[in-house]
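Breakdown of the fold
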Amino acid sequence: MAETNKGIEEEVASAFVNHYYHLFDNDRSSLSSLYNPTSLLTFEGQTIYGVDNISNKLKQLPFDQCHHLISTVDSQPSSMAGGCGGILVFVSGSIQLHGEDHPLRFSQTFHLIPVLQGSFFVQNEMFRLNYG
């Protein structure tokens, strides 16, 4: 079994998750800085391609105020051609919408790709509400 630098992956995943949901809850338009033209988002089964389309989708969600409560964050390394690896991040938690009594449970996955030393962008993202 290959050795991994689990501490670094967990540290990056935790920092990314804290940053992403802080922006989502407080300044959603700033999330565009986390994507690039090749990024792909699947949101509740709808496929959205590219930073501009993803940014528009997130800004047009039918609520302005929310608060994410994160329950779990799991991460693992991802291999890419040329030896430049990314990090796969799985998040579960709940979203409390302003004026609603009950939070909504969700699951979200991110594939982070390194671009500069210590910097990553979201190549792939999947989001689903968890009903039931």
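An unreviewed UniProt entry annotates the chain as NTF2-related export protein originating from Arabidopsis suecica. Taken directly from UniProt, the Subunit (unreviewed entry) text for the chain runs: "Interacts with RAN1."

1. Digging into the overall build of the chain
The number of helices and strands found in the chain is two helices and six strands. Seen in sequence order, the chain has helices and strands lined up from the N terminus as α-β-β-α-β-β-β-β. Scaling as 2.2 N^0.38, a compact globule of 132 residues should have a C-alpha radius of gyration of about 14 Å, and the chain matches this with 15 Å. Over its C-alpha atoms, taken along the principal directions, the chain stretches across nearly 45 × 30 × 25 Å. Per-residue burial over the chain gives 39% buried out of 132 residues. Taking contacts inside the chain between residues at least 6 apart in sequence as the whole, the part at least 24 apart equals 46%. Roughly 8,000 Å² of accessible area belongs to the chain as shown, and the carbon and sulfur atoms make up 53% of that amount. One finds the centroid of the 6 positive side-chain charges in the chain at a distance of 7 Å from the centroid of its 13 negative side-chain charges.

2. A word on the nonpolar core
Y20, Y35, L58 and F110 are the most contacted members of the largest nonpolar core, which has 30 residues in total. For this core, the secondary-structure elements that each account for two or more residues are helix 1 (6-26), strand 1 (35-43), helix 2 (51-59), strand 4 (86-97), strand 5 (104-116) and strand 6 (119-129). For this core, the leading source of residues is helix 1, giving eight residues. With residues up to four places along the chain from it excluded, the contact list for Y20 reads L31, L34, Y35, L58, Q108, F110 and E125.

So, how was this worked out
- Residues numbered from 1 in each chain as written.
- Predicted model: local features only at pLDDT ≥ 70, side-chain atom pairs only at ≥ 80, totals over all residues.
- Heavy atoms only, no water.
- UniProt positions renumbered as here; feature names shortened; annotations may be inferred.
- Helix = DSSP H or I, 4+ residues; strand = E, 2+ residues; numbered from the N terminus.
- Rg over C-alpha atoms; globule rule 2.2 N^0.38 Å.
- Buried < 20%, exposed > 50% of the residue type's maximum accessible area, 1.4 Å probe, protein only.
- Contact = heavy atoms within 4.5 Å.
- Areas by Shrake-Rupley, 256 points an atom, 1.4 Å probe, with all protein chains shown as cover.
- Lys, Arg positive; Asp, Glu negative; His and termini not counted.
- Charge placed at Lys NZ, Arg CZ, Asp CG, Glu CD.
- Core = buried A, V, L, I, M, F, W, Y, C linked by side-chain atoms within 4.5 Å.

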